[in-house]
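Close look at the chain arrangement
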Amino acid sequence: MAAPVATNNFTSLVVTEDTLNPSGNSVSAIFATSFNDSDNDTLFGIAVTNNDSSSSQGEWQWSTDSGSSWTAINTSGLAGNTALFISSQDSLRFVPSENFNGSPGSLTVHLVDSSQKFAVSNAQSNPFGFSDVGSYASPTFVDIDNDGDFDAFVGDGEGHVDHFINDGTTPSSPIFNNPIEDAYGLSAVDSNLAKPILVDIDGDQDYDVFVGNQTSDLLYFENTGSNINPSFNTVQENPFSITTEFTFTSNRPSFVDIDNDNDYDLFLTSGGNFYFYENNPETDGNGNLVPKFSSYQTNHFGLSPLSGLLSADFADIDGDNDYDLFVGDATGNIQYFENVGDATTANFTSAISNPFGLYDFGDTASLDFVDIDGDNDLDVFVGVQDGNIIYVANQQFSSGDTVDVSTNGNATPFSSQALAYSASVTAVDDAATITGTGTDSASPVTDVEGATLAGDLDATDVEGLEDGTYFTIKTANQATNGTAAIDIETGVWSYTP
């Protein structure tokens, strides 16, 4: 995880003088060529820390609705710790004051990458109707009854697997009822410290259950029901040729298609190490998929060992179409291994502690990522030793948010480089304004034949009057309608019929 690098390779805004409603440009169009990121994050937006324009020059504005409405960027109150965030999808423009041209005062901006996730969210304990399960909570989420929302299964310290049915009326409003202990016969009470995970391991469109626990065995419950009415077989230990020669205790198994071959591979943890089992499934005589796991490989894909009891979960947190790894450790911290490879060939960086605004949640953090509120990003639930379930919503910055970019660069989502961004207001040649007075030999002024008209003209031009020649004479029939004279520099004129 690395901060983006910002360069002055941006696309300038060009506005014509006296344009009252310029269209503006998207933030992404302006700054895309200024944005570089070594770990393939994308431009998420900008943080404005200063607006140096003045009212005599015009006004910087931003829009979230493609220019239907605009909001002015303040010229005061902005700073590193009170920056204005504007999304890359939104628009930016400069509206010049009347008759202003040239370069207005600039905006000072830091670029923000897509790794920002949880920094503006407040953690909640046991939200949505969850309750304390006693000790060593280990949550996981699937739609077990195929009703379009996520239900929860939570392991506890005594080996029970508690089922919380989601009875919310919409996917964005979960409501979890009182737990059903050991629902469907799922339990590890003979083994303690249940760490369940649900996955369709045999490809029959329903969820099977694996449970990590305090013994050295991996427990498996096959779902022989359906994706609407699950029913589970009696427990099997270490199925599908999975061997655990190491001491596998108190750690949750993790299933993920890490090599993009359309089956679920297995990761186990023990003693701070990561054990990878590649799945190369076969089919039986009836055409059913039978998982087949290879011998394990230790700390594969560049993973480096940690220490203590670990709970791993894979999630594409940065939206680059490969799986990153999060690990809750025994101290309650979250360790993050970013996948800088791709969907087929994983390659993990060294661990970063508590990224994206996450923090130490308490002892033995067991985490699960799920889009619980239906807003197309991954939220996180963390079970901890005291039996509570902590929820942190994924709330990326939104345009108009006040953000703190005073700490930037390194492992933050903010560029250390601050860009000075201005606009160019192109001058136009405004027409001169002509005013004047006139009298004749009669009083008041009339068109009496023979009367001589005379007076003074005055010219002003916002661009300035440069050559001293401001007036010309034009009549429809000058030869027969009399004579006219004008001093082209002073504006004194006369007309004799």
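Residues numbered from 1 in each chain as written. Predicted model: local features only at pLDDT ≥ 70, side-chain atom pairs only at ≥ 80, totals over all residues. Heavy atoms only, no water.

A word on the overall build of the protein chain
What counts, and what does not: Numbering goes from the N terminus for both helices and strands, where a helix is a DSSP run of H or I of at least four residues and a strand is a run of E of at least two. Buried residues are those whose accessible area, probed at 1.4 Å on protein chains only, stays under 20% of the maximum for their type, while exposed residues exceed 50% and partly exposed ones sit between those limits. Two residues form a contact once any of their heavy atoms are found within 4.5 Å. Only the protein chains shown count as cover for residues, with accessible areas throughout obtained via the Shrake-Rupley method and a probe of 1.4 Å.
Looking only at helices and strands, the protein chain has 1 helix and 39 strands in total. Residues counted as buried form 48% of the 497 residues belonging to the protein chain. Counting only contacts in the protein chain whose residues sit at least 6 apart along the sequence, the fraction spanning at least 24 positions is 58%. Here the protein chain displays about 21,800 Å² of accessible surface, and carbon together with sulfur accounts for 45% of that area.

Re the confidence of the model for the protein chain
How we decide: What pLDDT conveys is the predictor's confidence in a given residue, as a value from 0 to 100.
Residues of the protein chain with pLDDT of at least 70 account for 85%, and the chain-wide mean is 87. Averaged pLDDT values over the elements of the protein chain bottom out at 61 in strand S36 (residues 433-440) and peak at 98 in strand S7 (residues 71-72). pLDDT under 50 marks residues 442-449. Its contacts with residues more than four places away, or in other chains, come to 6 contacts.

Digging into the nonpolar core
Rules: Residues grouped as a nonpolar core are buried Ala, Val, Leu, Ile, Met, Phe, Trp, Tyr and Cys residues, joined through side-chain atoms within 4.5 Å.
One finds Phe31, Val48, Trp60, Ile73, Ile86 and Leu92 to be the most contacted residues of the largest nonpolar core, which totals 26 residues. Of all the elements in the fold, those that place two or more residues in this core are helix H1 (27-31), strand S5 (43-51), strand S6 (58-63), strand S8 (83-87), strand S9 (91-96), strand S10 (107-113), strand S34 (419-421) and strand S35 (423-426). With 17 residues, the next largest nonpolar core counts Phe118, Tyr336, Val380 and Val382 among its residues.

Comments concerning the sheet that holds strand S16 (residues 195-199)
Two strands in a sheet stick together by hydrogen bonds in their backbones, pointing the same way (parallel) or opposite ways (antiparallel). In plain terms, the rule: Pairing between two strands is assigned when DSSP locates at least 2 bridges connecting them.
Taken together, 4 strands build an open sheet; the order of strands is S16-S17-S18-S19 and the sheet is antiparallel. Of all strands in the sheet, those with a lone pairing partner are S16 and strand S19 (236-237), marking the two edges.

Some thoughts on the pairing of strand S21 (residues 265-270)
By the criterion of burial, S21 is predominantly enclosed, with 6 of the 6 residues buried. Both faces of S21 are covered, namely the face carrying Asp265, Phe267 and Thr269 and the face carrying Leu266, Leu268 and Ser270. As paired strands, strand S20 (residues 254-256) and S21 are joined by 3 bridges and run antiparallel to one another. Each bridged residue has a counterpart across the sheet, and for phenylalanine 255 the counterpart in S21 is leucine 266.

What to know about the pattern of salt bridges
In plain terms, the rule: Whenever Lys or Arg places a side-chain nitrogen within 4 Å of a carboxyl oxygen from Asp or Glu, that contact is recorded as a salt bridge.
Across all of its chains, the model carries 3 salt bridges by this definition. Of the charged contacts in the structure, one is a salt bridge between arginine 252 and aspartate 368, with a shortest N-O distance of 3.3 Å. Here arginine 252 is found in the loop between S19 and S20, whereas its partner aspartate 368 is found in strand S30 (residues 366-370), with 116 residues between them in sequence. The class for aspartate 368 is buried, based on a relative accessible area of 4%. Between glutamate 282 and lysine 292 there is a salt bridge; the shortest N-O distance is 3.3 Å. Residue glutamate 282 is found in strand S23 (residues 282-283), and its partner lysine 292 is found in the loop between strand S24 (289-290) and strand S25 (297-298); the two are separated by 10 residues along the sequence.

Brief notes about the sheet that holds strand S12 (residues 138-142)
Pairing is antiparallel across the open sheet formed by 4 strands, whose spatial order is S12-S13-S14-S15. Because the sheet does not close on itself, it has two edges, and the strands there are S12 and strand S15 (180-181). With 5 bridges connecting them, S12 and strand S13 (residues 151-155) associate as antiparallel partners. Bridge pairing links proline 139 to valine 154 in S13.

Quick notes on the packing of aromatic side chains
How we decide: Stacked, tilted and edge-to-face pairs are distinguished by plane angle, under 30 degrees for stacked and over 60 for edge-to-face with tilted covering the rest, among Phe, Tyr and Trp rings (Trp via its six-membered ring) whose centres lie within 6.5 Å.
Per the counting criterion, the structure on display carries 36 aromatic pairs. Ring geometry for phenylalanine 141 versus phenylalanine 381: centroids 4.4 Å apart, planes at 35°, classification tilted. Placement of phenylalanine 141 in strand S12 and of phenylalanine 381 in strand S31 (residues 379-383) is noted, with a sequence separation of 240 residues between them. Residue class for phenylalanine 381 comes out buried when judged on its relative accessible area of 0%.

Focus on the environment of histidine 160
Definition in use: Two N or O atoms form a polar contact when they lie within 3.5 Å of each other; inside protein one atom must be a possible hydrogen donor and the other a possible acceptor, and for residues adjacent in sequence the pair counts only when both atoms belong to side chains.
With respect to the helices and strands, histidine 160 occurs in the loop between S13 and strand S14 (161-164). According to the relative accessible area criterion, histidine 160 is buried, its value standing at 12%. Spatially, the C-alpha atom of histidine 160 lies 9.4 Å from that of aspartate 190, the residues being 30 residues apart in sequence. Within polar-contact distance, the side chain of histidine 160 engages the side chain of glutamate 158 at 3.4 Å.

Here we look at the pairing of strand S2 (residues 13-16)
Here S2 shows one buried face, formed by Leu13 and Val15, and one open face, formed by Val14 and Thr16. Inspection of the sheet shows S2 paired to S35 by 4 bridges, in the parallel sense. Bridge pairing in S35 places valine 15 opposite valine 425.

Digging into unusual backbone geometry
When glycine is set aside, most residues are seen to have a negative phi, and most peptide bonds are trans. Even without a glycine there, the phi angle at tyrosine 136 is positive, about 50°. A relative accessible area of 27% places tyrosine 136 in the partly exposed class. Even without a glycine there, the phi angle at serine 241 is positive, about 65°. By secondary structure assignment, the location of serine 241 is in the loop between S19 and S20. Looking at serine 241, the relative accessible area reads 55%, which means it is exposed.

Re the environment of threonine 407
Examined against the element boundaries, threonine 407 turns out to sit in the loop between strand S33 (402-403) and S34. For threonine 407 and glycine 80, which are 327 residues apart along the polypeptide, the C-alpha to C-alpha distance reads 8.2 Å.

Things to note about the environment of threonine 298
Within the secondary structure, threonine 298 sits in strand S25. Under the relative-accessibility criterion, threonine 298 is labelled partly exposed at 39%. Considering only alpha carbons, one finds threonine 298 and tyrosine 277, 21 residues apart in sequence, at a separation of 9.3 Å.

Quick word on the side chain of serine 91
Tracing the sequence through the fold places serine 91 in strand S9. Ignoring anything within four residues of it in the chain, the contact list for serine 91 reads Asn25, Ser26, Gln61, Trp62, Ser63 and Trp70.

Concerning the side chain of threonine 412
With respect to the helices, strands and loops of the structure, threonine 412 is situated in the loop between S33 and S34. Reaching out from threonine 412, the side chain makes a polar contact with the backbone oxygen of glycine 409 at a distance of 2.8 Å. Of note is the side chain of threonine 412, whose polar atom sits 3.3 Å from the backbone nitrogen of phenylalanine 414. Non-local contacts of threonine 412, meaning those with residues more than four positions away in its chain, are made with Ala2, Ala3, Pro4, Asp113 and Thr407.

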